[in-house]
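Residues per chain are reported as follows:
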Amino acid sequence: MTGTRIAALGHYQPAQVLTNADLAELVDTSDEWITSRVGIRTRHVAGPDEPVDEMAAHAAAKALATAGLAPTDIDLVVVATSTAIDRSPNTAARVAARLAMASPATLDLNVVCAGFTHALATADHAVRAGSATRALVIGADKMTGITDWTDRTTCVLVGDGAGAAVVEAAPDGTDAIGPVLWGSVPEMGHAVRIEGTPPKFAQEGQAVYRWATTQLPPIARQVCERSGIAPEELAAVVLHQANLRIIEPVARKIGAVNAVIARDVTESGNTSAASIPMALSKLVERGEVASGAPALLFGFGGNLSYAGQVVRVP
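These remarks concern the structure in this document. (Residues numbered from 1 in each chain as written. Predicted model: local features only at pLDDT ≥ 70, side-chain atom pairs only at ≥ 80, totals over all residues. Heavy atoms only, no water.)

Here we have 5 strands laid out as an open sheet, ordered β1-β7-β6-β4-β5, and mixed in their pairing. Because the sheet does not close on itself, it has two edges, and the strands there are β1 (4-12) and β5 (105-109). Ignoring which end each strand starts from, the neighbouring axes of this sheet average 15 degrees apart. Relative to strand β7 (residues 160-169), strand β6 (residues 134-142) runs antiparallel, the two being bridged by 9 bridges. (Pairing = 2+ DSSP bridges. Helix = DSSP H or I, 4+ residues; strand = E, 2+ residues; numbered from the N terminus. Axes fitted to C-alpha atoms, helices over the stretch in contact; angles between N-to-C directions.)

Written out as structure tokens, the structure is:
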């Protein structure tokens, strides 16, 4: 099997920004209440005519341009999303149509907040096995479309956006995408839900917080171990951008003392499957992580699923 790498990244967010002050006009909340509990200051909101696949296509186009590739160079599109309204054509197929791709395989994955790292592993495995030569991996979600705007415990959390990565065989045969460690806690799947008609997002916040801050750090350390990287060697830690009160203690317990910790949640909110690729793309774009440096990607959340891998930054 061949080695793989992330060749390029891209991200997209809608133009409309919703501040904490704006939310205070909708529900009983305040900037102080939100920032002290979840660390979020702003979030981006997609309009009614801006569907998930449109955001995904924007992020994908940016990743392709950065890689110097044409859409026709892609033969696999994997989109992680849990908020697309339409079932068929699926989101990946809609992205392929928007970008005028040739004849790629098109897959959607719904692992909610851990979706991107699951999708990255799926594409990595496909390229390694030779069933794909070059893949687009996209995390895209429109969380504001499934939000109960009368519930102050959840409406303050969410935002919309998309992030994308181009995955291809490494030209020198080395591995720049480490082995995935993934799993779930099925009996606790009720702790994060998108249910009903129309579907709405709900969660048991304290249960998620306890699980994330106590159970996930040792799993994240195992991810590093599988890649042969000590936590103190990490240059960046990009966790699912759920809540700053989760991100900071989990990162600390991992032991990544020399790493840049992604805190995009402060300006983007919880964008579910989009959060990891968006945050990583921004770190790279701002030059905060050097090319080739090791970064831990670790998604967790809905289904109480998790997945992580160490990658070399493009």
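Leave glycine aside and you will find that most residues have negative phi; peptide bonds, for their part, are mostly trans. Going from S88 to P89, the amide bond is cis rather than trans, its omega being -5 degrees. Residue P198 follows T197 across a cis peptide bond; omega there is 0 degrees. Mapped onto the elements of the fold, P198 is located in the loop between β9 (192-195) and β10 (200-203). The backbone of N303 shows a phi angle near 70 degrees, a positive value even though the residue is not glycine. The topology assignment puts N303 in the loop between β13 (294-301) and β14 (305-312).

Moving on, we get to the packing of helix α3 (residues 52-67) against helix α4 (residues 91-98). Between α3 and α4, the least distance of the axes is 9 Å, while the angle of their chain directions is 55 degrees. As far as their axial angle goes, α4 and α3 are oblique. For the pair α3 and α4, the crossing hand works out as right-handed. Contact residues: V52, D53, E54, A56 and A57 in α3; T91, R94, V95 and R98 in α4. Looking at side-chain class alone, the contact of α3 with α4 contains 4 nonpolar, 1 polar and 4 charged residues. (Parallel < 35°, antiparallel > 145°, perpendicular 65-115°, else oblique. Left-handed = near helix turned anticlockwise from the far one by under 90°. Contact = heavy atoms within 4.5 Å. Nonpolar A, V, L, I, M, F, W, Y, C, P; charged D, E, K, R; others polar.)

To continue, consider the pairing of β14. Counting buried residues along β14, 7 of its 8 residues qualify, which places the element largely inside the surrounding structure. Bridge count between strand β8 (residues 181-184) and β14: 4 bridges; the pairing is antiparallel. Looking across to β14, one finds that S184 is bridged to S305. The pairing of β13 with β14 spans 8 bridges and is classified as antiparallel. When the sheet's bridge partners are listed, F300 is paired in β14 with Y306. Here β13 folds back onto β14 in antiparallel fashion, the turn holding 3 residues, of which N303 has a positive phi close to 70 degrees. (Buried < 20%, exposed > 50% of the residue type's maximum accessible area, 1.4 Å probe, protein only.)

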